[in-house]
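# Summary of the model geometry
Chain residues, written in single-letter form:
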Amino acid sequence: MSDDAAADADPEVPDDDVAPESAAVADEEVLDALFATIEDRKERLPEGSYTASLFTHEKGENAVLEKIGEEATETILAAKDDDVEELTAEAADLVYHLLVLFARKDLDVADLRTELRDRF
Ligand SMILES: N=c1c2ncn([C@@H]3O[C@H](COP(=O)(O)OP(=O)(O)OP(=O)(O)O)[C@@H](O)[C@H]3O)c2ncn1[C@@H]1O[C@H](COP(=O)(O)O)[C@@H](O)[C@H]1O
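Computed from a prediction, not measured in an experiment: that's the story for all the values here.

### Considering the overall build of the protein chain
- When helices and strands are counted, the protein chain shows 6 helices and 0 strands.
- The helix and strand sequence of the protein chain, counted from the amino end, reads α-α-α-α-α-α.
- For the protein chain, with 120 residues in total, the buried portion stands at 19%.

### Considerations on the confidence of the model for the protein chain
- Looking at the protein chain, the pLDDT average stands at 87 and 81% of residues meet or exceed 70.
- Counted against residues more than four places away or in other chains, residues 1-17, with its pLDDT under 50, gives 19 contacts.
- Confidence metrics for the complex model read pTM 0.85 and ipTM 0.92.

### Details of helix α5 (residues 84-104)
- For α5, built from 21 residues, the straight-helix expectation of 30 Å at 1.5 Å per residue is met to within 8% by its first-to-last C-alpha distance of 30 Å.
- Among the residues of α5, Glu90, Tyr96, His97, Leu99, Val100 and Ala103 are the ones counted as buried.
- Buried residues along α5 sit in contact with α2 (30-44), α3 (50-56), α4 (61-80) and α6 (109-117).
- Following α5 by one or two positions, Asp106 has its phi on the positive side, about 60°.

### Re unusual backbone geometry
- At Leu45, a position not held by glycine, the phi torsion is positive, near 45°.
- Within the secondary structure, Leu45 sits in the loop between α2 and α3.
- Given 15 C-beta atoms within a 10 Å radius, Leu45 is considered partly exposed.
- The phi dihedral of Asp82 is positive, around 55°, even though this residue is not glycine.
- Checked against the element boundaries, Asp82 lands in the loop between α4 and α5.

About the thresholds
- Residues numbered from 1 in each chain as written.
- Predicted model: local features only at pLDDT ≥ 70, side-chain atom pairs only at ≥ 80, totals over all residues.
- Helix = DSSP H or I, 4+ residues; strand = E, 2+ residues; numbered from the N terminus.
- Buried ≥ 20, exposed ≤ 12 C-beta atoms within 10 Å, placed from the backbone.
- pLDDT = per-residue confidence, 0-100.
- Contact = placed C-beta atoms within 7 Å.
- Expected span 1.5 Å × (residues − 1).

This is the structure we're talking about:
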């Protein structure tokens, strides 16, 4: 959902409380912008936000863990089908849900960046 749509769905979101994803974001900044949006949803829990629902779900942490399992499976199946469009879309779903898990665990996208960089 776009931030505009989320704001429309939530009358408690004031116009000047612009979430990071609503601004134009350069490709190289997209993971940081997405993570900032996830942190924003975690803090404010706006009505109508899918991300917020992952922090308030009755299944607790299992809600996002199950989604990670589903998205990983869908990514694998897309790869096996050589469907590169589907593979890209499912991989994006997987990365998004991994970042939600990071936020739940009070980790930061910077921790992921550091871990990957340290492997060079
Ligand atoms: N990147 C994402 C993102 N990727 C995936 N998803 C959601 O993850 C869910 C994936 O579920 P599924 O693949 O199972 O698909 P489904 O549509 O639920 O249904 P089925 O396939 O099960 O039939 C969908 O509801 C997607 O909308 C995401 N939801 C939000 N974001 C980002 O988070 C921002 C804030 O979103 P809200 O929290 O909704 O305001 C958005 O602007 C986006 O930038």
